[in-house]
Structures are given as structure tokens and as C-alpha cells.
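Listed here are the chains, written in short residue letters.
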Amino acid sequence: GDIFSTAIEATEVPLGHVKKVMHEGSEVAIYNVEGCFYATQDQCTHGLASLSDGFLIGEFIECPLHQGMFDVRTGEATAAPCDISLKTYKTSLKDGVIFLARS
Ligand code: FES
């Protein structure tokens, strides 16, 4: 199966928040949607913006630069000007620690 590596304590990503971590040399955004953790690439696919500086609205992250949106569960671009999906990472929660799958 997948090999997971440690990312972050779950308490560092409160309900409804997003936090940027470094994962094997890449910037990854981790989202807490009603207690479920999701992870995507941190950089918007439309430009040089960090999604962890954006706004998490339910399961959607709004980019802080041009207000495009993505579904954090799938990485799918859901609002213009974004039309390229985000890379996603599998997450796993164990003993209060969020693990990310190797890319
Ligand atoms: Fe994210 Fe333009 S950089 S919507």
C-alpha cells in the first residue's frame, strides 16, 4: 500500500482552517473540513498564490489572489479563473498526527 510520512499534529490545523507544511520538498496545504483532513499542493494552479493564505468555505478553498476556487477533497477547480485541478495527497490520522502519502 501507500507509504505515509509524518506531517503535522492535528491540533495545528483547527476545524475550518488550512495550514501550509513542507512535505518531501513540496509546499502542501492541509485542510480541516469538519474534522476530516485533506491535502493539496499549496500553490494555486492559476498563479503565484498560496492557498493556505486563502479562505476555506466548507470543502472549498478560495484563492486569495483572484478568488478562484477548488474542492479540497478532489483538487477539482470549481470556480473561474481556475481550470486546472490541484495535485492532492492522501491523508491518514493516527494518534492525533496527520500523515501524508508519499507523492
Ligand atoms: Fe489563484 Fe489566480 S492565482 S485564482
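Provided above is the structure to which this section pertains.
Before going into details, it helps to say that this report is about the structure given with it. Because the structure is a prediction, the values reported are computed rather than measured. (Residues numbered from 1 in each chain as written. Predicted model: local features only at pLDDT ≥ 70, side-chain atom pairs only at ≥ 80, totals over all residues. Heavy atoms only, no water.)

### Topic: the sheet that holds strand 11 (residues 97-101)
Right, on to step 1. Strand order across the open sheet formed by three strands is 1-11-10, with antiparallel pairing between neighbours. Lying at the two open borders of the sheet, with one neighbouring strand each, are strand 1 (4-9) and strand 10 (91-94). Strand-to-strand twist in this sheet, taken as the mean axis angle between neighbours without regard to direction, amounts to 35 degrees.
Right, on to step 2. Examined bridge by bridge, strand 10 and strand 11 share four bridges and lie antiparallel to one another. Directly across from Thr91, in strand 11, lies its bridge partner Leu100. (Pairing = 2+ DSSP bridges. Helix = DSSP H or I, 4+ residues; strand = E, 2+ residues; numbered from the N terminus. Axes fitted to C-alpha atoms, helices over the stretch in contact; angles between N-to-C directions.)

### Focus: the sheet that holds strand 6 (residues 60-62)
Right, on to step 1. Across the sheet, which stays open at both edges, the four strands sit in the order 5-6-7-8 with antiparallel pairing between neighbours. Single-partner strands in this sheet number two, and they are strand 5 (55-57) and strand 8 (77-79). Averaged over all neighbouring strand pairs, the angle between strand axes comes to 30 degrees, with direction disregarded.

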